[in-house]
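An overview of the molecular structure
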Amino acid sequence: GKPRGWKELKKVIKQHVKKKSEIAKDGWKPSTKAVTELQNELGLKLLPEVVHQKWFRDPTTGLHSNDAESEISKLKGWMRKRYGSIRGRAAPEDEVDHNLASKVDKYIFLNLIGI
């Protein structure tokens, strides 16, 4: 369905990844090319590549490239339980949720202190 080439990934990274972020990635060629092209422009720090053919979780860094996807899934579950429903992007008829950032902050805080 959705385009998943390096050009599309580059647009998504520019729009959603903060400057000077640390990036964990696997060896997928489109993501490698997109991140490499944006590395200097956004000041990205590339973490060592996670190679799934060698190990599930990198023994040196402890990273797995699916960690971010896992956290997003947990956040969505927490928000649905607490607020009923969430939507990644507002539908044209919806009022934009201006409190989304504070909800994400609350989720992170509560998870850091173990509640």
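Read on for an overview of the structure. (Residues numbered from 1 in each chain as written. Predicted model: local features only at pLDDT ≥ 70, side-chain atom pairs only at ≥ 80, totals over all residues. Heavy atoms only, no water.)

Attention shifts here to the overall build of the chain. Across its full length, the chain holds four helices and two strands. The order of helices and strands in the chain, counted from the N terminus, is α-β-α-β-α-α. Split into buried and exposed, the 115 residues of the chain put 21% on the buried side. Excluding contacts between residues fewer than 6 apart, the proportion of contacts in the chain whose partners are at least 24 apart in sequence is 45%. For the chain, the accessible area works out to roughly 9,100 Å², and carbon and sulfur atoms hold 54% of it. (Helix = DSSP H or I, 4+ residues; strand = E, 2+ residues; numbered from the N terminus. Buried < 20%, exposed > 50% of the residue type's maximum accessible area, 1.4 Å probe, protein only. Contact = heavy atoms within 4.5 Å. Areas by Shrake-Rupley, 256 points an atom, 1.4 Å probe, with all protein chains shown as cover.)

Running from amino to carboxyl end, helix H3 (residues 67–83) crosses helix H4 (residues 100–112) at an angle of 110 degrees, the nearest separation of the two axes being 11 Å. Relative to H4, H3 is oriented roughly perpendicular. Listed contacts from H4 to Glu71, Lys74, Leu75, Trp78, Met79, Arg82 and Tyr83 of H3 are Leu100, Lys103, Val104, Lys106, Tyr107 and Leu110. Each residue belonging to the contact of H3 with H4 can be placed in one class, and the counts come to eight nonpolar, no polar and five charged. (Axes fitted to C-alpha atoms, helices over the stretch in contact; angles between N-to-C directions. Parallel < 35°, antiparallel > 145°, perpendicular 65-115°, else oblique. Nonpolar A, V, L, I, M, F, W, Y, C, P; charged D, E, K, R; others polar.)

With that settled, consider the side chain of serine 31. With respect to the helices and strands, serine 31 occurs in helix H2 (residues 29–42). Since its relative accessible area comes to 14%, serine 31 is described here as buried. With near-sequence residues (within four places) excluded, serine 31 lies in contact with Leu9, Lys25 and Asp26.

If you walk through the whole model with that rule in mind, you get five salt bridges. In this structure, glutamate 37 and lysine 10 form a salt bridge, with 2.9 Å as the shortest nitrogen-oxygen distance. On the criterion of sequence distance, the pair formed by glutamate 37 in helix H2 and lysine 10 in helix H1 (residues 6–16) is long-range, its members being 27 residues apart. Lysine 10 sits in the partly exposed class, given a relative accessible area of 22%. The shortest N-O distance in the salt bridge between glutamate 71 and lysine 74 comes to 3.1 Å. Note that glutamate 71 and lysine 74 are positioned in helix H3 at a spacing of three residues, about one turn of the helix. Note on lysine 74: relative accessible area 45%, which makes it partly exposed. (Salt bridge = Lys/Arg side-chain N within 4 Å of Asp/Glu carboxyl O.)

Right, let's get into the nonpolar core. As a rule of thumb, nonpolar side chains are buried together in soluble globular proteins. Among the nonpolar cores identified, the biggest contains seven residues, and these are Ile13, Ile23, Ala34, Val35, Leu38, Leu42 and Leu44. Non-local contacts of leucine 44, meaning those with residues more than four positions away in its chain, are made with Val17, Lys18, Ser21, Ile23, Val35, Leu38 and Gln39. In this structure, Trp78, Met79, Tyr107 and Leu110 belong to the second largest nonpolar core, which totals five residues. (Core = buried A, V, L, I, M, F, W, Y, C linked by side-chain atoms within 4.5 Å.)

On to unusual backbone geometry. Positive phi values are uncommon outside glycine, yet lysine 20 reaches one of about 65 degrees. Here lysine 20 shows up in the loop between H1 and strand E1 (22–23). For lysine 20, a relative accessible area of 69% translates into the label exposed.

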